[in-house]
Amino acid sequence: QVSCFKLNGCVSPLHCLGLQCYGVFLQILTAGWDELECHRVFNFLWELSNLARKVQVVVSSKPGSARRLELRIRLYCREVLLSPGSHRSDSAFWLTRILKPWPMVNQARLLYIIFGPVSSRDGHVVWQKMIEGPTDETSLKGLADAIKLLYGTEAREWTADDVISLVDELSVVPQEWLMENNARLLLLSGNSICFTFLASKAVNGRAVELARLMVFMVLVCEKDLYCMDWAVKMMQKVCTVFSSSWERNNFLQCLENTFAHMLMDMLQAVLAGEQDEEDSSFLNLFHLVNAQANFHKEILLMAMGNNSSTT
């Protein structure tokens, strides 16, 4: 009955320790309980806080139209059910309970509400962050960590296809993301999910889309100072998925065509004088030229190294 332990009880939830204390209390109380008992606890809390109806409101409303309720749900789920410091297996269990009752499209919306970027001023979810321009690692880390959790061995109720579908749905919440933000999320989600996601596109014959995503991964590696040989090795691994040499060669041709088209588009933007205060058009061109050069340098080093070893 403590007001600060309730979903809508505290008048200033962002500056209150109530939900954090509740989460720690719940974590200690249920330590060592089996899944059936924890499931009953979840059902009790779900009904007590009327979360089902409240979640239904936010996932079916226009994003941001119920900002205060979105914030309350985010804090309750993060601080109480997914208490920081919980074991990965516990977090996987509770996150599964939160997401699984809903269709995939609603799961993606709910995942964004709980783990997506928020305003530093009022804590409300920033829905346009992935659409308006390239974002940073900080804005994507929560989502990436959640994806890794669901893809890991701790989340037994999720298949690789489930997680890939969830990532696909996430990339259009609330509208289609910039491809650079998709690429950065995949990089942050780890090698396994990244490869599985790319391989699924290769298997389904989506070579153009795969090539575009691969180019943006190269760009993110350049911008965020990742080792470029990672991108080359990932490309090599993806190439093994194609069932024929024609499919592989077509993908590689699409990759080079994508580089060329993006460079021309960015060059045209610079020549047209489409500059802002940060000279972003020129900076984007600069990064892409360097990204392409470093990517091909790694390929050449790998090719020449292989030739040297064979001779």
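In this report, we go over the structure that sits alongside the text. (Residues numbered from 1 in each chain as written. Predicted model: local features only at pLDDT ≥ 70, side-chain atom pairs only at ≥ 80, totals over all residues. Heavy atoms only, no water.)

**Thoughts on the overall build of the chain**
Counted only if it meets this: Numbering of helices and strands runs from the N terminus, with a helix taken as a DSSP run of H or I at least four residues long and a strand as a DSSP run of E at least two residues long. When a residue's accessible area, from a 1.4 Å probe over protein chains only, is under 20% of the maximum for its type it is buried; when over 50% it is exposed; and in between it is partly exposed. Contacts are assigned to residue pairs with any non-hydrogen atoms lying within 4.5 Å of each other.
A tally of regular secondary structure across the chain gives 15 helices and zero strands. If you line up the chain on its principal axes, its C-alpha atoms span 75 × 45 × 30 Å. Counting over 311 residues, the chain shows a buried share of 47%. For the chain, the share of sequence-separated contacts (at least 6 apart) that also reach a separation of at least 24 residues comes to 68%.

**Quick look at the side chain of Asp122**
Filter applied, for reference: Any N or O atom pair separated by 3.5 Å or less is treated as a polar contact, with the protein-specific requirement of one donor-capable and one acceptor-capable atom, and with residues adjacent in sequence counted only for side-chain atom pairs.
Tracing the backbone shows Asp122 in the loop between helix H6 (104-115) and helix H7 (129-132). At 3.4 Å, the side chain of Asp122 forms a polar contact with the side chain of Arg121. Of the polar contacts made by the side chain of Asp122, one reaches the backbone nitrogen of His124; its length is 3.0 Å. With residues up to four places along the chain from it excluded, the contact list for Asp122 reads Leu14, Arg67 and Leu71.

**Overview of the side chain of Glu180**
Examined against the element boundaries, Glu180 turns out to sit in helix H10 (residues 179-189). A distance of 3.1 Å separates the side chain of Glu180 from the side chain of Lys223, its partner in a polar contact. For Glu180, the contacting residues outside a window of four places in its chain are Pro134, Phe216, Leu219, Val220 and Lys223.

**Here's the deal with the environment of Arg109**
Here Arg109 is to be found in helix H6. Residue Arg109 is classed as buried on the basis of its relative accessible area of 15%. In this structure the C-alpha to C-alpha distance between Arg109 and Val58, which are 51 residues apart in sequence, comes to 8.6 Å.

**Quick look at the nonpolar core**
Our working rule: Side-chain atoms within 4.5 Å link the members of a nonpolar core, which is a set of buried Ala, Val, Leu, Ile, Met, Phe, Trp, Tyr and Cys residues.
Counting residues in hydrophobic clusters, the biggest one holds 102 residues, and the most contacted among them are Leu81, Leu143 and Met217. If you tally residues by element for this core, the top one is helix H12 (residues 207-223), at twelve residues. Setting aside residues up to four positions removed in sequence, Leu81 forms contacts with Leu26, Phe42, Leu45, Leu51, Tyr76, Trp94 and Ile98.

**Let's talk about the environment of Leu186**
With respect to the helices, strands and loops of the structure, Leu186 is situated in helix H10. Residues Leu186 and Phe197, eleven residues apart in the sequence, show an inter-C-alpha distance of 8.2 Å. Once residues within four sequence positions are removed from consideration, Leu186 is found in contact with Val167, Cys194, Phe197, Leu213 and Met217.

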